[in-house]
Amino acid sequence: MAPEINLPGPVSLIDNTKGQLVVNPEALKILSAITQPVVVGAIVGLYRTGKSYLMNKLAGKKNGFSLGSTVRSHTKGIWMWCVPHPKKPEHTLVLLDTEGLGDIEKGDNENDSWIFALAILLSSTFVYNSMGTINQQAMDQLHYVTELTDRIKANSSPGNNSVEDSADFVSFFPAFVWTLRDFTLELEVDGEPITADDYLELSLKLRQGTDKKSKSFNDPRLCIRKFFPNRKCFIFDWPAQKKYLARLEQLKEEELNPDFIEQVAEFCSYILSHSNVKTLSGGIPVNGPRLESLVLTYVNAISSGDLPCMENAILALAQIENSAAVEKAIAHYEQQMGQKVQLPTEILQELLDLHRDSEREASEVFMKNSFKDVDQTFQRKLGAQLEARQDDFCKQNSKASSDCCMALLQDIFGPLEEDVKQGTFSKPGGYRLFIQKQQELKKKYYQVPRKGIQAEEVLKKYLESKEDVADALLQTDQSLSEKEKAIEVERIKAESAEAAKKMLEEIQKKNEQMMEQKEKSYQEHVKQLTEKMERDRAQLMAEQEKTLALKLQEQERLLKEGFKNESQRLQKEIQDIQMRSKSQQPMCHIL
C-alpha cells in the first residue's frame, strides 16, 4: 500500500513573480513523494468569484485556500493542496487553485493566458468559475479558450495545430465543468424546466452567419464544444446575505443559504465521484513524480519563450522514467541472482537457467515501469546490460570453479607431491606405484561434488604440470624395459589427446549453450514486447473510440443546429480517427 500524502494546507506550486512563472521546489518535493495515481482538479476564473471557497469544500475543509473579500486577487500563481481522495482509496486528490483572471493590478492578459493553459494541461477536471449567467460578456471573458491553439502544441511537428484538427487536444484535455455563481435566472425554456447542463448546451449554440459579429459570437462556443466534448454545468445561488460575504469562510452552516449548501454538496459529490485520474496519451496514469515532471517541462517551456508541447512533455517524462525502469530492472536482476546463484554451479546450464529466470523477471519489471519507449531504445539498453551481467556471472562462475578445484587438487594431491619429494617412488616399480596412486587420487577428486565447470580443465592443466615428474620416474624405473617405457609414453600421449578432445567438445558445448540462451532471451524479449504493445494498442484504441464517440455526438448536434460547414470539418477529424484506428496507428506521433 502506497503511503498517503495529506498536506495540512495548500502550498504554492507555481509562483507568479513580476510576470514570471517560477516552480516552487518544495511543492515539487511533495509531488515526488506521491506514488499513488492522482486525480487533479483545477479551478480558473475571474478574480473575486469564489473559486477558493469551492476548492476548500472539495478538500473537506472550511479554511485552506485564501478567500479574498476585496477587489484584490488573493491567490497568486497556482496553489496546490494534496489530500487523500475521499471516494477513491489508494488515490491522491490534487487541488489546484489559480490566480484570478483579469486582476486590475496586473493590466496584462499574457500571464492570465498562461495560467489558463497550465490549468488545462495539468488537470483531469477543469472548473471554470464565473458570476451570473452565460451571456456574451461571460463568453468574451472566456476568450482564453480561443487562444489555446496559440498557447499549446499537441506535438512537436510544425503545422499540426488548428481549431479544425483538435483530435489530439480532445484526447489530452480534461473534463470541463462550468460553475455559475450568484445565478438568479429560472432554469426553464418555454415554461418547461431544464437542467443546468441543458442551459450550458443552449448557451453554446452557434449563430448562423459568416460576418465578423457571428464569428466573434461562435468562436469561443465552437472551441469549448470541440476541445471539451465532456462538459458539465452547476449553478449556485447567493451563499448568504451580501453583508456576510466578506467572511464567508467563518459563517456557520445555519447562516448560509440552504439552497447554496445543497448546490455546493451536489457539486463536490459530482467532482469527487466523476473526476478521473490524470492520464497521459495512451491511458497512462499520472502519479506525483509524473505530475512533477509535467509541471517542470511546461513551465520551463513558457519561461524559455516556447509553447508547452504535450508530446515533448511526455518524451521528457519517458526519458526519466525509462532510465529509472532500466535501473529498477537491473537491481531486481542482481537481487534475484544474488539470492539464487551459488557459485560455482555444477554445470553451465544451471547458471544459464537461473539467469534466464531472473532476466525474464527483470524484463517484466522494466515493462511495468516503462512507457513510450520509442524504438525500444531503453529495452535494448536493458538487454545489453543484462547480457553484460550474464557474461560477468559466467566469468565469476569460471573463476569460482577454478579457485575451488585448485584448492581441492592441492588438498588431494599434496601428500603425493610430498612423497615424490621424499623419493618414495624412486625405486624399481616406483613408476607403476606412482601411476596407481595418481589414478586413486583422480577418482577421489571426481567424487567431490560442486567443483563447477572448470573441473576437467583445471585437472588437465594440473596433470600436465606434473608430466615431467612422471616422465622422470618412468625413465629411471629399472624394473621396466625400454619397450614397456615406449608403450607407456604412447599411452600417455593418447590419454592427453583424448583429454584435449574432450576439452574441445566441452568448449563447443558451452558455446552452443550460450548461443541457445541468447536465442531464448531474444524470443522472450520479443514475446514480452509484443504483449506490451498489444496492451498499449488496445488502450489506445479504447481512447480513440472514446474520442470518436464524443466527436460523433458533437457532429450530430451541429447537424441539428444546421451548421453543415462545421459538421463537414468535424467529419474530416472523424475520418482521420477512423483511419488511425483501422491501421492501429497511434493518435500522437510519439507512440
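The name recorded for the chain in an unreviewed UniProt entry is GB1/RHD3-type G domain-containing protein, from Macaca mulatta. Under the UniProt heading Sequence similarities (unreviewed entry), the note attached to the chain is "Belongs to the TRAFAC class dynamin-like GTPase superfamily. GB1/RHD3 GTPase family."

A. A look at the overall build of the chain. A count of helices and strands for the chain gives 18 helices and 12 strands. Relative to the globule expectation of 25 Å for 591 residues, the C-alpha radius of gyration of the chain, 38 Å, shows a markedly less compact shape. Counting only C-alpha atoms, the chain reaches 130 × 55 × 40 Å along its principal axes. Expressed as a percentage of the 591 residues in the chain, the buried residues total 48%. Of all intrachain contacts in the chain linking residues separated by at least 6 positions in sequence, the fraction that spans at least 24 positions is 74%. Split by element, the accessible area of the chain, about 29,300 Å² in all, is 51% carbon and sulfur.

B. Inspection of the environment of glutamine 390 at higher detail. Mapping glutamine 390 onto the fold places it in helix 13 (residues 377–421). By relative accessible area, which is 4% here, glutamine 390 ends up buried. With 53 residues separating them along the chain, glutamine 390 and methionine 337 place their C-alpha atoms 10.0 Å apart. Setting aside residues no more than four positions away along its own chain, glutamine 390 makes contact with Tyr333, Leu352, His355, Met514 and Gln517. There is a polar contact of 2.8 Å between the side chain of glutamine 390 and the side chain of histidine 355.

C. Main features of the pattern of salt bridges. As enumerated under the stated definition, the model contains 18 salt bridges in all. Between glutamate 464 and lysine 460 there is a salt bridge, and its shortest N-O distance comes to 2.5 Å. Within this pair, glutamate 464 and its partner lysine 460 are both found in helix 15 (residues 455–465), separated by four residues, close to a single helical turn. Put simply, Glu488, Arg491 and Glu495 are held in one network by salt bridges that share partners.

D. Spatial organisation of the pairing of strand 4 (residues 78–84). Strand 4 sits mainly inside the fold: five of its seven residues count as buried. In the sheet, strand 1 (residues 11–17) pairs with strand 4 via three bridges, with the strands oriented antiparallel. Bridge pairing links isoleucine 14 to isoleucine 78 in strand 4. The pairing of strand 4 with strand 5 (residues 92–98) spans seven bridges and is classified as antiparallel. Note that in strand 5 the partner of valine 83 across the bridge is leucine 93.

E. Summary view of the sheet that holds strand 10 (residues 231–235). Within the open sheet, the eight strands sit side by side as 2-1-4-5-3-6-7-10. Their pairing is mixed. The open sheet has two free edges, formed respectively by strand 2 (20–23) and strand 10, since each of these has just one partner strand. Pairwise comparison of adjacent strand axes, ignoring direction, gives a mean angle of 20° for this sheet. Note that strand 1 and strand 2 share four bridges and pair antiparallel. Residue pairing in the sheet places aspartate 15 in a bridge with valine 22 of strand 2.

F. Quick look at the packing of helix 16 (residues 467–476) against helix 17 (residues 482–561). It is at 10 Å that the axes of helix 16 and helix 17 come closest, and there the two elements cross at 160°. The angle between helix 16 and helix 17 places the two elements in the roughly antiparallel class. In this structure, the crossing between helix 16 and helix 17 has a hand that is right-handed. On helix 17, the residues touching Glu467, Leu474 and Gln475 of helix 16 are Lys485, Glu488, Val489 and Ser496.

G. The arrangement of the nonpolar core in detail. Counting residues in hydrophobic clusters, the biggest one holds 101 residues, and the most contacted among them are Phe116, Phe173, Trp178 and Phe267. Beyond its immediate sequence surroundings of up to four residues, tryptophan 178 is in contact with Tyr128, Ser130, Ile134, Ala138, Met139, Leu142, Leu200, Ile224, Lys232, Cys233 and Phe234. In terms of nonpolar packing, the next biggest core, distinct from the first, is built from 22 residues, Ala325, Tyr333, Ala362 and Phe378 among them.

H. Inspection of the confidence of the model for the chain at higher detail. For the chain, per-residue confidence averages 85 on the pLDDT scale, and 91% of positions sit at 70 or higher. Confidence drops under pLDDT 50 across residues 68–74; counting only partners more than four residues distant or on other chains, this segment forms 18 contacts. Across residues 585–591, where pLDDT falls below 50, the model places 27 contacts with residues more than four positions away in sequence or in other chains.

I. Structural detail: the pairing of strand 10. Of all five residues in strand 10, five are buried; the element is thus mostly enclosed. Side chains of strand 10 alternate between two faces, with Arg231, Cys233 and Ile235 and Lys232 and Phe234 buried alike. The pairing of strand 7 (residues 175–181) with strand 10 spans five bridges and is parallel. Each residue of the ladder has a partner; that of leucine 180, found in strand 10, is isoleucine 235.

J. Fine view of the environment of cysteine 394. Mapping cysteine 394 onto the fold places it in helix 13. The class of cysteine 394 is buried, set by a relative accessible area of 13%. Expressed as a C-alpha distance, the spacing of cysteine 394 and threonine 195, which sit 199 residues apart in the sequence, is 72 Å. Setting aside anything within four residues of it in sequence, one finds cysteine 394 in contact with Leu348, Leu351 and Met514.

Rules used throughout
Residues numbered from 1 in each chain as written. Predicted model: local features only at pLDDT ≥ 70, side-chain atom pairs only at ≥ 80, totals over all residues. Heavy atoms only, no water. UniProt positions renumbered as here; feature names shortened; annotations may be inferred. Helix = DSSP H or I, 4+ residues; strand = E, 2+ residues; numbered from the N terminus. Rg over C-alpha atoms; globule rule 2.2 N^0.38 Å. Buried < 20%, exposed > 50% of the residue type's maximum accessible area, 1.4 Å probe, protein only. Contact = heavy atoms within 4.5 Å. Areas by Shrake-Rupley, 256 points an atom, 1.4 Å probe, with all protein chains shown as cover. Polar contact = N/O pair within 3.5 Å; in protein donor to acceptor, adjacent residues only side chain to side chain. Salt bridge = Lys/Arg side-chain N within 4 Å of Asp/Glu carboxyl O. Pairing = 2+ DSSP bridges. Axes fitted to C-alpha atoms, helices over the stretch in contact; angles between N-to-C directions. Parallel < 35°, antiparallel > 145°, perpendicular 65-115°, else oblique. Left-handed = near helix turned anticlockwise from the far one by under 90°. Core = buried A, V, L, I, M, F, W, Y, C linked by side-chain atoms within 4.5 Å. pLDDT = per-residue confidence, 0-100.

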